[in-house]
Amino acid sequence: MTVKFQHRTLEDKILLAITGAATLVLSPFLVLSILAGDIANSLVDVVAVGGIFAIFLGVWFTSRIKLFSGIFAFVAQVTILIGIHVKGAGLIYWVFPIIIASFYLLPTLIASLFNFVLITIACFLTFQQFDSFTFPRIIASFVVTNLFSLIFSVFMQNKNRQLSNKDKVNQIHNNILELIASSSKLSKILPAIINGIENEIPNALCSVLLVDKKGRRLLVGAAPSLPNYYNQAIDGLTIGHGIGAWAEAAFSSKRVVVPDIASHPGWVDWTELTQKAQLASCWSEPIIGNNGKNLGSFVIYFRKQYSPKTEEFKLIEQFVNLTRIAIEREKADKLIWQQANYDSLTYLPNRNLLYEHLASAMTQADREKKELAVAMLDLDKFKAVNDTLGHAAGDIVLVECSKRIKGCIRKSDIAARLGGDEFIIVLRDAISPEDIEALGRKLSDALAKPYFIQDESVYCTASIGIAFYPSDAADMDALLKNADQAMYKAKARGRNSVHYFASGSIQITEENNAP
């Protein structure tokens, strides 16, 4: 089955165009030779037209471009030699385009050998037909044409190789940028970056070390080609001067190149480790964020002593920039998610995240046929704190209140701030009314303790309403509404108390009076 012309490679199209055009151009000469009864010319033209057209058909039906390129070059050279032998030196000037075309059709070394044979035989066949002035100049022109064609072919091959490498690097860049744009995790992006570098720099072993939250240590972000024992040994090392290339680069925010690890003073403490891992040289590039802060180090190791080249520095800088973008993107995503799901003052889950957690907890309760409880909590007389001491004092109370709530509940429970002085607690796997009541007392006692603000003792008790799922409500909205109703009933009956919502009625379980 033939491939449509528009779907063929550029090499296919060029060879088809050349062989097709050559067939059309030479066919009239074949016809004229036959009509003139010139047997010699007819034979030459038949060989030329038939051979070239056969190559056209071969490329068209098989797309085996390398095979038929070689056949075309061979047929062209044989045909012109037959033509020179039959018709004489008048056809020798066709040798020039064939010399040039050979370097396109064949590998450079093979083209040089074929052209040498072509020139030698052509000169041997025609040397008696030229005078002593013309013949040496024809030989010289053949040699110069072959030499220039060879130089140009090598130049173009190098250029194509550079373009191919550049396209390859650009493709890697695009793939990594797609991962970043799709908010993929660093655990997926960093290995892709490292693989890209290791494919471009032979024998390179790379790792990415990330600065921890406190900015004091380097943590292994990715190092797929290094031994696990090596990664474990350097994970968490302190950033500082003279501590390996990675820590030095993170400390100084400058490139650090170590051609010989064994003789470098900064690696004395790691000699045994690097020898075991067979690491002989390395260099490290700092990863600097847009705000000027150091995000980590990009480290490249070699198993032999090695000094990086200028183009390798440029390549690494490109990938370090991609690493920076990936790190900053993940930090931005985390910040956005944090702001969207957590209260900025108390760092408790907000309403959005609460609904997710509560829906998951209700599904689990249904699956395990268990109950869960929701406690709605509102601080009593909190407005008075804001009015008398200011909103800053109120914020202090809210932060301390959130800490006390988290100190009272289990790890499996969920505490969230709905806004203002309202909090909610999801009690998973609620076991018995007695346990819930004990927790209610614990919360009331903890929140009733004084808050020390501006050298004053401030008291803010809490009214708490509790509703159960599924006994008090069949869905989330009803559950939250019933817990809220129970909480407001607690406020109406004296505050600082815990109340259950049960079967449409509210039962007072405890009431305390704050100082």
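Quick caveat: nothing in here was measured; it's all calculated off a predicted structure.

### Some remarks on the side chain of Thr126
Along the chain, Thr126 turns up in helix 5 (residues 108–126). Looking at Thr126, its side chain comes within polar contact range of the main-chain oxygen of Ala122, at 2.8 Å.

### Section: the nonpolar core
One finds Leu377, Leu379, Val397, Ile405, Tyr451 and Ile466 to be the most contacted residues of the largest nonpolar core, which totals 34 residues. Of all the elements in the fold, those that place two or more residues in this core are strand 7 (372–379), helix 13 (382–389), helix 14 (391–408), strand 9 (422–427), helix 15 (433–448), strand 10 (451–453), strand 12 (462–469) and strand 13 (497–502). The greatest single-element share of this core, amounting to 6 residues, is contributed by helix 14. Ranked by size, the runner-up nonpolar core spans 32 residues in total, among them Leu15, Ile65, Ala73 and Val75.

### A look at helix 3 (residues 65–87)
The terminal C-alpha atoms of helix 3, which comprises 23 residues, lie 32 Å apart, in line with the 33 Å expected from a rise of 1.5 Å per residue. Gly88 sits one or two residues past helix 3 and shows a positive phi near 100°.

### Side note on the confidence of the model for the protein
Where the model shows low pLDDT, its predicted coordinates should not be examined in detail. Per-chain confidence: the protein averages 86 in pLDDT, with 96% of residues scoring 70 or above. Per-element confidence in the protein ranges from a low mean pLDDT of 44 for strand 14 (residues 505–511) to a high of 94 for strand 9. pLDDT under 50 marks residues 503–515. Its contacts with residues more than four places away, or in other chains, come to 35 contacts.

### So, the pattern of salt bridges
Two side chains with opposite charge may pair up if their charged atoms get near one another. For the coordinates displayed, the defined rule picks out 13 salt bridges. One salt bridge in this structure joins Arg417 and Asp343, with 3.1 Å as the shortest N-O distance. Placement of the pair is Arg417 in strand 8 (residues 414–419) and Asp343 in the loop between helix 11 (310–341) and helix 12 (351–368), with a sequence separation of 74 residues. Pair check on accessibility: Arg417 and Asp343 agree, each one buried. Taken together, the shared-partner salt bridges in this structure form one network comprising Arg255, Glu285 and Glu317.

### Description of unusual backbone geometry
The linkage connecting Tyr469 with the following residue, Pro470, adopts the cis geometry, with an omega of 10°. Mapping Pro470 onto the fold places it in the loop between strand 12 and helix 16 (476–492). Within the chain, Gln278 stands out as a residue other than glycine whose phi angle is a positive 60°. By the element assignment, Gln278 lies in the loop between helix 10 (271–277) and strand 5 (281–288). The phi dihedral of Asn496 falls on the positive side, at around 45°, and the residue is not glycine.

### So, the pairing of strand 7
A regular strand places its side chains on the two faces of the sheet in alternate fashion. Burial analysis of strand 7 places 8 of its 8 residues in the buried class, which makes it a mostly covered element. Where burial is concerned, the two faces of strand 7 agree: the one with Leu372, Val374, Met376 and Asp378 and the one with Ala373, Ala375, Leu377 and Leu379 are both buried. Across 8 bridges, strand 7 lies against strand 12 in antiparallel orientation. Following the sheet pairing, Leu379 is matched in strand 12 by Ala462. In this sheet, strand 9 lies alongside strand 7 in antiparallel orientation, the contact comprising 6 bridges.

### Thoughts on the packing of helix 13 against helix 14
Their axes nearest at 6 Å, the elements helix 13 and helix 14 cross at an angle of 140°. By the angle between their directions, the pair helix 13 and helix 14 is classed as oblique. Along its contact with helix 13, which presents Phe382, Val385, Asn386 and Leu389, the element helix 14 presents His391, Ala393, Gly394, Val397 and Leu398.

### Focus: the packing of helix 11 against helix 12
Two elements in contact, helix 11 and helix 12, have axes whose closest approach is 6 Å; the angle formed by their N-to-C orientations is 85°. Relative to helix 12, helix 11 is oriented roughly perpendicular. When helix 11 is examined against helix 12, the residues Trp337, Ala340 and Asn341 are found in contact with a partner set consisting of Asn352, Leu353 and Glu356. Across the contact of helix 11 with helix 12, the residue classes break down as 3 nonpolar, 2 polar and 1 charged.

### Remarks on the sheet that holds strand 2 (residues 217–222)
An order of 3-2-1-6-5-4 is seen for the 6 strands of this open sheet, with the pairing classed as antiparallel. Here the strands that pair on one side only, and so sit at the sheet edges, are strand 3 (237–238) and strand 4 (256–258). Along the sheet, helix 9 (residues 244–252) makes contact with strand 1 (205–211), strand 2, strand 3, strand 4, strand 5 and strand 6 (294–302), crossing strand 6 at roughly 150°. Its contacts with the sheet put helix 11 on strand 1, strand 4, strand 5 and strand 6, and the angle it makes with strand 5 is roughly 45°.

### Examining the side chain of Ser281
Relative to the helices and strands, Ser281 is located in strand 5. For Ser281, a relative accessible area of 0% puts it in the buried group. For Ser281, the side chain forms a polar contact with the main-chain oxygen of Lys304, separated by 2.9 Å. Once you skip the residues sitting within four places of it in the chain, Ser281 turns out to touch Val258, Pro259, Asp260, Ile261, Ile300, Tyr301, Phe302, Lys304, Gln305 and Tyr306.

### Notes on a nonpolar patch on the surface
A cluster of nonpolar side chains, Val25, Phe29, Val31, Leu32 and Leu35, forms an exposed patch at the surface whose accessible area comes to about 530 Å². Structurally, Val31 can be placed in helix 1 (residues 10–36).

Rules of the game
Residues numbered from 1 in each chain as written. Predicted model: local features only at pLDDT ≥ 70, side-chain atom pairs only at ≥ 80, totals over all residues. Heavy atoms only, no water. Helix = DSSP H or I, 4+ residues; strand = E, 2+ residues; numbered from the N terminus. Polar contact = N/O pair within 3.5 Å; in protein donor to acceptor, adjacent residues only side chain to side chain. Core = buried A, V, L, I, M, F, W, Y, C linked by side-chain atoms within 4.5 Å. Buried < 20%, exposed > 50% of the residue type's maximum accessible area, 1.4 Å probe, protein only. Expected span 1.5 Å × (residues − 1). pLDDT = per-residue confidence, 0-100. Contact = heavy atoms within 4.5 Å. Salt bridge = Lys/Arg side-chain N within 4 Å of Asp/Glu carboxyl O. Pairing = 2+ DSSP bridges. Axes fitted to C-alpha atoms, helices over the stretch in contact; angles between N-to-C directions. Parallel < 35°, antiparallel > 145°, perpendicular 65-115°, else oblique. Nonpolar A, V, L, I, M, F, W, Y, C, P; charged D, E, K, R; others polar. Patch = residues over 30% accessible without salt bridge, like charges linked within 9 Å, V, L, I, M, F, W, Y side chains within 5 Å. Areas by Shrake-Rupley, 256 points an atom, 1.4 Å probe, with all protein chains shown as cover.

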